[in-house]
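# Observations on the model geometry
So the chains spell out like this:
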Amino acid sequence: MRHVECRFEEDVLSAVVQSRWPERVDPQLQAHVEGCGICSDIVAVAGTLDADHDEMLSAAVIPEAGRIWWQAQLRARREAAEAASAPITWAQVAAFASAMGLIGACFGASSTWFQAALGSIKSGVSKFELAAFVSSVAAAVGHAAFALGLVLIVLLVPTALYIALGRD
Amino acid sequence: MFRDATYTDLTRTEAAGEETAAFVMDEETFRGFYERTARGLWAYLVRVTGDRALADDLLQETFYRFLRAAATYESESHRRNSLFRIATNLARDARRRSLIRAGSILMGERIENVPSSVDAAVSERNADLSRALANLKPRERAMLWLAYAEGASHEEIAGVMGLRASSLRPMLFRIRKKMAALLGRKPEGGAR
Ligand SMILES: [Zn+2]
């Protein structure tokens, strides 16, 4: 198996980054590096990058910390304001439609008068008995106020929640 | 874009007058952290992207994302690693979006020779390094820089790069060998 590590590589790396290489290292370590591909690669690469790093740090022209801080503050605030005034997303529309469907299904399944009205409308339509049809429509209209109230709650609650959360 | 915002006393006063944005880190802590890390991060971004102007933009964006992350850190090195991870991801995304003119980086024509130095020997070494780095993949440049310029441990590099620490040693071995050859040594140094 190919060797990818040498037990002296940490010593060699330390000597390079501490600027001890090559003058201030043990002659035995120097002799090892001459015959070790791994360690000589470390000397070449680490020596070059470490020296470049020092030069880069002294040459770096970076913005002042306070400037970065205040620009970040302004941007965070602007983004928060944009998020609050953002139009309703497709995800929100989908969630709302799902909630409506669920409530509608619960209502249809649990309401006996709705089932009865639906049944009589069905039979009224199939037999077309005018009197039965009229009475079933009247029963449905009689509950329209209740249904309307339910729809309003379903509409208003998510809207109020959206506005409240969006402003945070 | 964030970089388009102009910083003046007016905007600063305007910002100060309003409620402080919800960053987990306070300004004093941020200033200290920035002073300790910004130059090193800038050097990393310049060497990984090979583009000084892009590095300037990514530096600001990195610190913004870092502040917005709302994370808490158990140590300075953890915080620093997180910063470099954000920078690494931004540099990768920028490359994917072709903010870097792809051909130039891949061909090694545009890797900047930074910093320009009046010292001829330093300039030459800098040019050699730029040429060598241009022949590595951005990911390889990042790993070498973290290991040998930043002095990061294998665990830290793995965290920044999103790799397994156990895979670092063979990867670094291979990339280091490639880099050494590019810097003018024999292509086949041979392992012991
Ligand atoms: Zn060795």
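Calculation criteria
- Residues numbered from 1 in each chain as written.
- Chains lettered and ligands numbered in written order.
- Predicted model: local features only at pLDDT ≥ 70, side-chain atom pairs only at ≥ 80, totals over all residues.
- Heavy atoms only, no water.
- Helix = DSSP H or I, 4+ residues; strand = E, 2+ residues; numbered from the N terminus.
- Buried < 20%, exposed > 50% of the residue type's maximum accessible area, 1.4 Å probe, protein only.
- Contact = heavy atoms within 4.5 Å.
- Axes fitted to C-alpha atoms, helices over the stretch in contact; angles between N-to-C directions.
- Parallel < 35°, antiparallel > 145°, perpendicular 65-115°, else oblique.
- Left-handed = near helix turned anticlockwise from the far one by under 90°.
- Buried area = accessible area lost by both parts, 1.4 Å probe.
- Salt bridge = Lys/Arg side-chain N within 4 Å of Asp/Glu carboxyl O.
- Polar contact = N/O pair within 3.5 Å; in protein donor to acceptor, adjacent residues only side chain to side chain.
- Nonpolar A, V, L, I, M, F, W, Y, C, P; charged D, E, K, R; others polar.
- Phe/Tyr/Trp six-rings, centres within 6.5 Å; stacked < 30°, edge-to-face > 60°.
- Lys NZ or Arg CZ within 6 Å of the ring centre and 35° of its normal.
- Donors = N, O, S within 2.8 Å, 3.2 Å for Na, K, Ca; no water.
- Tetrahedral: all angles 85-135°; square planar, octahedral: opposite > 155°, others 65-115°.
- Core = buried A, V, L, I, M, F, W, Y, C linked by side-chain atoms within 4.5 Å.

### A few points about the overall build of chain B
Across its full length, chain B holds 9 helices and 0 strands. Going from the N terminus to the C terminus, chain B shows its helices and strands as α-α-α-α-α-α-α-α-α. Counting every position in chain B, which comprises 192 residues, the buried fraction comes to 45%. At a minimum sequence separation of 6, the contacts of chain B that also span at least 24 residues come to 63%.

### Section: the packing of helix 1 (residues 9–17) of chain A against helix 3 (residues 37–59) of chain A
All names here are of chain A. Where helix 1 contacts helix 3, the two axes come as close as 9 Å, and the packing angle between them is 25°. The angle between helix 1 and helix 3 falls in the class roughly parallel. The handedness of the crossing between helix 1 and helix 3 comes out as right-handed. Facing helix 1, whose interface residues are Glu9, Val12, Leu13, Val16 and Val17, helix 3 presents Ile38, Cys39, Ile42, Val43, Ala46, Gly47 and Asp50.

### Examining the interface of chain A and chain B
Counting from both sides, the interface comprises 46 residues of chain A and, opposite them, 60 residues of chain B. Between chain A and chain B, roughly 5300 Å² of surface is buried when both sides are summed, and carbon and sulfur atoms account for 64% of that area. If you sort the residues of chain A by the area they bury against chain B, Met56, Trp69 and Trp70 of chain A come out on top, with a joint share of 14%. Summed over the shared surface of chain A and chain B, the result is 7 salt bridges. Here chain A and chain B share 14 residue pairs in polar contact (both at pLDDT 80 or more) between them. Contributions of two or more residues to the side of chain A that touches chain B are made by helix 1, helix 3 and helix 4 (65–84) of chain A. The greatest single-element share of the side of chain A that touches chain B, amounting to 18 residues, is contributed by helix 3 of chain A. A breakdown of the residues in the side of chain A that touches chain B according to their chemical character gives 24 nonpolar, 9 polar and 13 charged.

### Here's the deal with the packing of aromatic side chains
One pass over the full model with this rule turns up 8 aromatic pairs over all chains. Ring geometry for tryptophan 69 of chain A against phenylalanine 30 of chain B: centres 5.6 Å apart, planes inclined by 40°, an arrangement best described as tilted. Of this pair, tryptophan 69 of chain A sits in helix 4 while phenylalanine 30 of chain B sits in helix 2 (residues 27–49), which puts the two residues in different chains. There is no split in this pair, since tryptophan 69 of chain A and phenylalanine 30 of chain B are both buried. The rings of Trp69 of chain A together with Phe23, Phe30, Tyr34 and Phe63 of chain B are connected pair by pair, giving a single aromatic cluster. The residue whose ring lies beneath arginine 79 of chain B is phenylalanine 33 of chain B, and the NZ or CZ to ring-centre distance is 5.5 Å.

### Topic: the packing of helix 2 of chain B against helix 7 (residues 138–149) of chain B
Residue and element names in this part refer to chain B. Here helix 2 crosses helix 7 at 145°, and the two axes come no closer than 8 Å. When the axes of helix 2 and helix 7 are compared, the crossing they make is right-handed. Taking contact as the criterion, the partners of Ala43, Tyr44, Arg47, Val48 and Thr49 in helix 2 are, on helix 7, Pro138, Arg141, Ala142, Trp145 and Leu146.

### Details of the coordination of the zinc ion
By definition of the ideal shapes, four donors in a tetrahedron about a metal sit 109.5 degrees apart, and six donors in an octahedron sit 90 or 180 degrees apart. All names here are of chain A. Distances from the zinc ion to its protein donors, namely Cys6 (SG), His32 (NE2), Cys36 (SG) and Cys39 (SG), fall within the range 2.0 to 2.3 Å. Metal-centred angles of 98 to 121° between the 4 donor atoms at the zinc ion mark the site as tetrahedral. Donor residues binding the zinc ion come from one chain and are separated in sequence as C-x25-H-x3-C-x2-C. One exposure class covers both cysteine 36 and cysteine 39, and it is buried.

### Brief notes about the nonpolar core
All names here are of chain B. Membership of the largest hydrophobic core comes to 78 residues, with the highest contact counts inside it found for Tyr44, Phe63 and Tyr148. Counting residues per element, this core draws most heavily on helix 2, at 11 residues. Aside from chain neighbours lying at most four places away, what touches tyrosine 44 is Phe84, Ala87, Thr88, Ala142, Trp145, Leu146, Val160 and Met161.

### Observations regarding the pattern of salt bridges
Residue and element names in this part refer to chain B. Inspection of the entire model under this criterion finds 18 salt bridges over all chains. With a shortest N-O distance of 3.3 Å, arginine 92 and aspartate 93 are connected by a salt bridge. Between arginine 131 and aspartate 128 there is a salt bridge, and its shortest N-O distance comes to 2.6 Å. Linking arginine 131 with aspartate 128, this pair stays in helix 6 (residues 120–134), spanning 3 residues, or about one helical turn.

### Describing the environment of tryptophan 21 of chain A
All names here are of chain A. Inspection of the secondary structure assignment puts tryptophan 21 in the loop between helix 1 and helix 2 (27–35). Counting along the chain gives 26 residues from tryptophan 21 to glycine 47, while the straight-line C-alpha distance between them is 8.7 Å. The residues contacting tryptophan 21, other than those within four sequence positions of it, are Ala15, Val16, Gln30, Val33 and Val43.

Geometric descriptors of this kind do not, in isolation, establish any biological role.
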